[in-house]
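# Examination of the molecular architecture
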Amino acid sequence: MSAIPRERRSAWSLAILMGLVITVTLQIFTGIAMASGWMSLLSFHVEDGMAAALFILLEWLWLAGTRPGRGTLRHLFPMAAQRWHAAGRQLQGIFLGRPIPTPALNTIVEGAFLLIATMAVLLGLLLVFTALPARFPLLLASHRALAGILALLWIIHLLLAFYTALGRRAEARKC
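Residues numbered from 1 in each chain as written. Predicted model: local features only at pLDDT ≥ 70, side-chain atom pairs only at ≥ 80, totals over all residues. Heavy atoms only, no water.

## Some details on the overall build of the chain
Counting secondary structure elements, the chain contains seven helices and zero strands. With respect to the principal axes defined by its C-alpha atoms, the chain has extents near 60 × 35 × 25 Å. Put simply, the chain has 175 residues, and 38% of those count as buried. Pairs at least 24 residues apart make up 66% of the contacts formed inside the chain by residues separated by at least 6 positions. Of the accessible surface of the chain, which amounts to about 10400 Å², a share of 73% is contributed by carbon and sulfur atoms. Treating the 15 positive side-chain charges of the chain as one cloud and the 6 negative ones as another, the clouds have centres 10 Å apart. (Helix = DSSP H or I, 4+ residues; strand = E, 2+ residues; numbered from the N terminus. Buried < 20%, exposed > 50% of the residue type's maximum accessible area, 1.4 Å probe, protein only. Contact = heavy atoms within 4.5 Å. Areas by Shrake-Rupley, 256 points an atom, 1.4 Å probe, with all protein chains shown as cover. Lys, Arg positive; Asp, Glu negative; His and termini not counted. Charge placed at Lys NZ, Arg CZ, Asp CG, Glu CD.)

Rendered as structure tokens:
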């Protein structure tokens with residue numbers, strides 16, 4: 001899910017990633033539209049949510065079941081202090097106005113995005129396939145709250161990608 005140099009993703013794993021990105025992005029935008037009164041999008045939102053669930057499941061299977069996936073997993077959810085230090089340096093560079101061309105913070109945001117997307121989709125599936133929403137209105141509120149966090153992470157990741165690209169461009173000019 002990131003631009004960290006490591007083994008390249010295979011074509012099928014890239015297709016899974018693109019499916020995940022597209023379906024979750026559609027979930028965010030149709031959710032915003034429905035919150036604005038466009039409830040006619042509900043059936044599309046539900047169908048796309050089921051597709052998103054499939055792509056998220058496939059992404060987790062790829063992450064856990066392949067060597068390149070496990071390498072990516074280590075970057076998405078870093079345990080090493082050096083990775084957190086790199087993210088801190090990138091964050092410091094943002095606040096100081098000096099782009100640092102490391103994707104450390106980007107991948108941590110991607111990991112958070114994947115976790116929140118997984119939880120939002122699971123709650124969405126509970127809402128669609130059970131009678132729980134009538135008994136537990138907190139499920140829908142939780143689903144909406146996670147969707148809001150997901151939209152925020154989507155925007156942050158997009159901005160970080162542009163920022164990292166600016167840092168790389170500045171580094172290339174120095175050479």
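## Details of the packing of aromatic side chains
Applying the stated rule across the entire model yields two aromatic pairs. If you follow Arg-9 out to its NZ or CZ, it ends over the ring of Trp-62, 3.8 Å from the centre. (Phe/Tyr/Trp six-rings, centres within 6.5 Å; stacked < 30°, edge-to-face > 60°. Lys NZ or Arg CZ within 6 Å of the ring centre and 35° of its normal.)

## Brief notes about the environment of Ala-161
Here Ala-161 shows up in helix H7 (residues 138–174). Assessed through its relative accessible area of 36%, Ala-161 is described here as partly exposed. In the structure, Ala-161 is positioned 43 residues away from Thr-118 in sequence and 22 Å away in space, judged by C-alpha atoms.

## As for the layout of surface pockets
The calculated volume of the largest pocket comes to roughly 680 Å³. Around the largest pocket, the lining is made up of 27 residues, and of these Gly-31, Met-34, His-45, Leu-140 and His-143 lie nearest the centre. Put simply, the parts of the chain that give the lining of the largest pocket at least two residues each are helix H1 (11–35), helix H2 (42–65), helix H5 (104–129) and H7. A class-by-class count of the residues in the lining of the largest pocket yields 19 nonpolar, seven polar and one charged. By volume, the second largest pocket is sized at about 290 Å³. Every residue lining the second largest pocket is counted, 12 residues in all, and those nearest its centre are Val-21, Glu-110, Phe-113, Trp-154 and His-157. Mapped onto the lining of the second largest pocket, the elements with two or more residues apiece are H1, H5 and H7. Per element, the largest residue contribution to the lining of the second largest pocket is five residues, and it comes from H7. Of the residues assigned to the lining of the second largest pocket, the class counts are nine nonpolar, two polar and one charged. (1 Å grid on protein atoms, 1.4 Å probe; cavity = no way out; pocket = protein on both sides within 12 Å on 5 of 7 lines; lining within 4 Å. Points joined across faces, edges and corners; volume = space filled by probe spheres on them. Nonpolar A, V, L, I, M, F, W, Y, C, P; charged D, E, K, R; others polar.)

## Side note on the packing of H1 against H2
Relative to each other, H1 and H2 sit at 145 degrees, their axes nearing to 8 Å. Handedness of the crossing formed by H1 with H2: left-handed. In terms of residue class, the contact of H1 with H2 is built from 16 nonpolar, eight polar and two charged. (Axes fitted to C-alpha atoms, helices over the stretch in contact; angles between N-to-C directions. Left-handed = near helix turned anticlockwise from the far one by under 90°.)

## Observations regarding H1
Between its terminal C-alpha atoms H1 stretches 36 Å, which fits the 36 Å expected from 25 residues at 1.5 Å a residue. Positive backbone phi, approximately 110 degrees, marks Gly-37, located one or two places after H1. (Expected span 1.5 Å × (residues − 1).)

## A look at the nonpolar core
The biggest cluster of nonpolar side chains holds 29 residues, and the ones touching the most others in it are Val-24, Ile-28, Ile-56, Phe-113 and Leu-150. Of all the secondary-structure elements, those providing two or more residues to this core are H1, H2, helix H4 (81–96), H5 and H7. The element best represented in this core is H5, accounting for 12 residues. (Core = buried A, V, L, I, M, F, W, Y, C linked by side-chain atoms within 4.5 Å.)

Nothing here speaks to function; it is geometry throughout.
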